[in-house]
Amino acid sequence: MAPEELTQWLARDLDAGFEEVVRTHQHRLFALALGMCGNPHDAEEVAQDTFVRAYRALKRFPPERLEELRLAAWLSRIAVNVVRNRVRSRRPALALLAGAEAEGVEVPERRAGPERTVLARAGVRRLAGLVAALPRAQREAVLLHSVQQLTYAEVAGALNLSEATVRSNVHRGLQALRARAGWLSEVS
Amino acid sequence: MNMVEEALHELSAARAPDGFLERTLRACGLRDSYAKVATPIGDYFVAWRGNRVSAVSRADKGLESFLNWFASEVGRSLEPAEGVPALIRRALLATRGQGLSYDFGQLTEFEQAVLRKTLEIPRGEVRSYGWVAREIGRPGAVRAVGTALRHNPIPLLIPCHRVVRGDGELGNYAGGHPELKKDILKLEGLDLGWLEDLARRHKRFLGSRTTHVFCQPTCSHARRIALDNRVEFSAEQEARAAGYRPCRDCRPVAA
Ligand SMILES: [Zn+2]
């Protein structure tokens, strides 16, 4: 479904439309949360909390704002704030713990061969941990751009930063990941 | 593509855990849950969505029948819950639904108006179908009020048992057998024998000689009138001719 169709649905019937929003965005948003938290348990909490906040906010939205709403960018922004608030309020060591416990993450088996599948899963687990250990500004920029697949302009809007800052954060974040992910090239 | 981008790509293909959609919709209050509650007058199923009650039904016809009825009347599916939220449970046990929120789903505006008005009738008091019709600004729609109350999806909490016929008979009951209506009213402290006696003698209002206000018989003000000061009236004109004005709380006659 095209993004405009989804926002039109929301304007027509918020409850039914929102069910479709969750259905459409759940996996991408969970992946984003996984990248930010580093483990699936926190990621699920963050993703769920994000949708609950989004739903409450939408209830108070005037229809004309609904029409111009960019759902993917808007949900990302909420998720980023949810994580920031969690880290600030009760989980200071979140990023440091990350990576060790990224069990139980399902990745679709797109590539042939059992070894490649196992490698992909292990890679995601390790990478989720590495991403979660990046400095916050780089982590958010990399995830919104690469995982949530927002444009630089959209990331800038969601994070309230300039596009130039976002570009630089994405660039430096990816560089840091490449440096830390030497193990990945060893097995390629 | 280098390995970091490839792994990021893999990360973006991660799937939310099984059941995430349902859990999230429930957390948003977009899913109905149900559970059984034992009350002094029998077992009931109660369904709610978020903090809103969407249905109450006697459990004597079984779960299957409740689920089918809910699907056809409300048009949504139900999921079993461990227990009923404490607020809803307490309200059910006390037949006090006034503090709760309700999900009236697909009911018409008229039906919703009838139910909201009925919700205002205090525990231990009764009003007539005609009173409800008048209060919602549809004085001619007495029969339609009766129909709406007969299909009340949330009996006990929306106290349709407190709406009775003008002639002293109790009338139909959405929550089950008419005898049950009697039992609930008795449980709420209503003296049915006394009400029937008044109806038999065609006494519709009670007045107070000290305040010169007249009430519906079950109004809390009427019940506080000392026996020596209490006068009975059969008609509005009779009360007005005697210098009495209608009570502002139970509003016994048209304004
Ligand atoms: Zn009164």
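Report follows, based on the coordinates. (Residues numbered from 1 in each chain as written. Chains lettered and ligands numbered in written order. Predicted model: local features only at pLDDT ≥ 70, side-chain atom pairs only at ≥ 80, totals over all residues. Heavy atoms only, no water.)

### Some remarks on the environment of A:Asn160
All names here are of chain A.
Moving on, step 1. Among the secondary structure elements, Asn 160 is positioned in the loop between α9 (152-159) and α10 (163-180).
Moving on, step 2. The exposure class of Asn 160 is exposed, given its relative accessible area of 63%.
Moving on, step 3. As for Asn 160 and Arg 77, which are separated by 83 residues in sequence, their C-alpha atoms are 9.2 Å apart. (Helix = DSSP H or I, 4+ residues; strand = E, 2+ residues; numbered from the N terminus. Buried < 20%, exposed > 50% of the residue type's maximum accessible area, 1.4 Å probe, protein only.)

### Side note on the coordination of the zinc ion
Residue and element names in this part refer to chain B.
Moving on, step 1. Those protein atoms acting as donors to the zinc ion are Cys 215 (SG), Cys 219 (SG), Cys 247 (SG) and Cys 250 (SG), and they sit at 2.2 to 2.4 Å.
Moving on, step 2. Of note is the zinc ion, whose four donor atoms meet at the metal with angles of 101 to 125° in an arrangement that counts as tetrahedral.
Moving on, step 3. Each donor residue of the zinc ion belongs to the same chain, and together they define the spacing C-x3-C-x27-C-x2-C. On the criterion of sequence distance, the pair formed by Cys 215 in strand β9 (residues 213-215) and Cys 247 in the segment after β11 (245-246) is long-range, its members being 32 residues apart. Cys 247 carries the same exposure label as Cys 215, and that label is buried. (Donors = N, O, S within 2.8 Å, 3.2 Å for Na, K, Ca; no water. Tetrahedral: all angles 85-135°; square planar, octahedral: opposite > 155°, others 65-115°.)

### A short note on the pattern of salt bridges
Moving on, step 1. Going through the model one piece at a time under the given rule, you end up with 27 salt bridges over all chains.
Moving on, step 2. Here A:Glu19 and B:Arg31 are joined by a salt bridge, their closest N and O atoms 2.9 Å apart. Highlighted residues: A:Glu19 in helix α2 (residues 14-37) and B:Arg31 in the loop between α2 (20-27) and β1 (32-39), drawn from two different chains. Each of the two residues, A:Glu19 as well as B:Arg31, counts as buried.
Moving on, step 3. A:Glu20 is the salt-bridge partner of A:Arg23, the closest N and O atoms lying 3.4 Å from each other. (Salt bridge = Lys/Arg side-chain N within 4 Å of Asp/Glu carboxyl O.)

### Quick word on the packing of aromatic side chains
Moving on, step 1. Tallied over the entire structure, the rule returns 13 aromatic pairs over all chains.
Moving on, step 2. With 6.4 Å between their ring centres and 80° between their planes, A:Phe18 and A:Phe51 make a pair best called edge-to-face. Taken together, the positions of A:Phe18 in helix α2 and A:Phe51 in helix α3 (residues 40-59) put the pair 33 residues apart, joining distant regions of the chain. Both residues of the pair, A:Phe18 and A:Phe51, belong to the buried class.
Moving on, step 3. Grouping aromatic residues by their ring pairs yields a cluster made of B:Tyr34, B:Phe45, B:Phe66, B:Trp69 and B:Phe70.
Moving on, step 4. Over the ring of A:Phe61 we find A:Arg65; its NZ or CZ atom is 4.2 Å from the centre of that ring.
Moving on, step 5. Across from the ring centre of B:Trp131, 5.3 Å away, lies the NZ or CZ of B:Arg127, which sits over that ring. (Phe/Tyr/Trp six-rings, centres within 6.5 Å; stacked < 30°, edge-to-face > 60°. Lys NZ or Arg CZ within 6 Å of the ring centre and 35° of its normal.)

### Structural notes on the nonpolar core
Moving on, step 1. In terms of nonpolar packing, the biggest core is built from 67 residues, with A:Phe18, A:Leu58, A:Trp74, A:Leu177 and B:Leu8 touching the most fellow members.
Moving on, step 2. Ranked by the residues each element gives to this core, the list is headed by α2(A), at 12 residues.
Moving on, step 3. If we ignore the near neighbours within four places in the chain, the residues touching A:Trp74 are A:Ala54, A:Ala57, A:Leu58, A:Phe61 and A:Leu69.
Moving on, step 4. In this structure, B:Val46, B:Trp48, B:Leu92 and B:Ile154 belong to the second largest nonpolar core, which totals 37 residues. (Core = buried A, V, L, I, M, F, W, Y, C linked by side-chain atoms within 4.5 Å. Contact = heavy atoms within 4.5 Å.)

### Regarding the interface of chain B and chain A
Moving on, step 1. Taken together, the 27 residues of chain B in the interface contact 42 residues of chain A.
Moving on, step 2. Carbon and sulfur atoms supply 66% of the area buried between chain B and chain A, which totals about 3200 Å² over both sides.
Moving on, step 3. The interface formed by chain B and chain A includes three salt bridges.
Moving on, step 4. For the pair chain B and chain A, the interface holds five residue pairs in polar contact (both at pLDDT 80 or more).
Moving on, step 5. Contributions of two or more residues to the side of chain B that touches chain A are made by α1 (3-12) and α2 of chain B.
Moving on, step 6. In terms of residues, the side of chain B that touches chain A owes the most to one element, α1(B), which gives 10 residues.
Moving on, step 7. When grouped by side-chain class, the residues that make up the side of chain B that touches chain A number 15 nonpolar, four polar and eight charged. (Buried area = accessible area lost by both parts, 1.4 Å probe. Polar contact = N/O pair within 3.5 Å; in protein donor to acceptor, adjacent residues only side chain to side chain. Nonpolar A, V, L, I, M, F, W, Y, C, P; charged D, E, K, R; others polar.)

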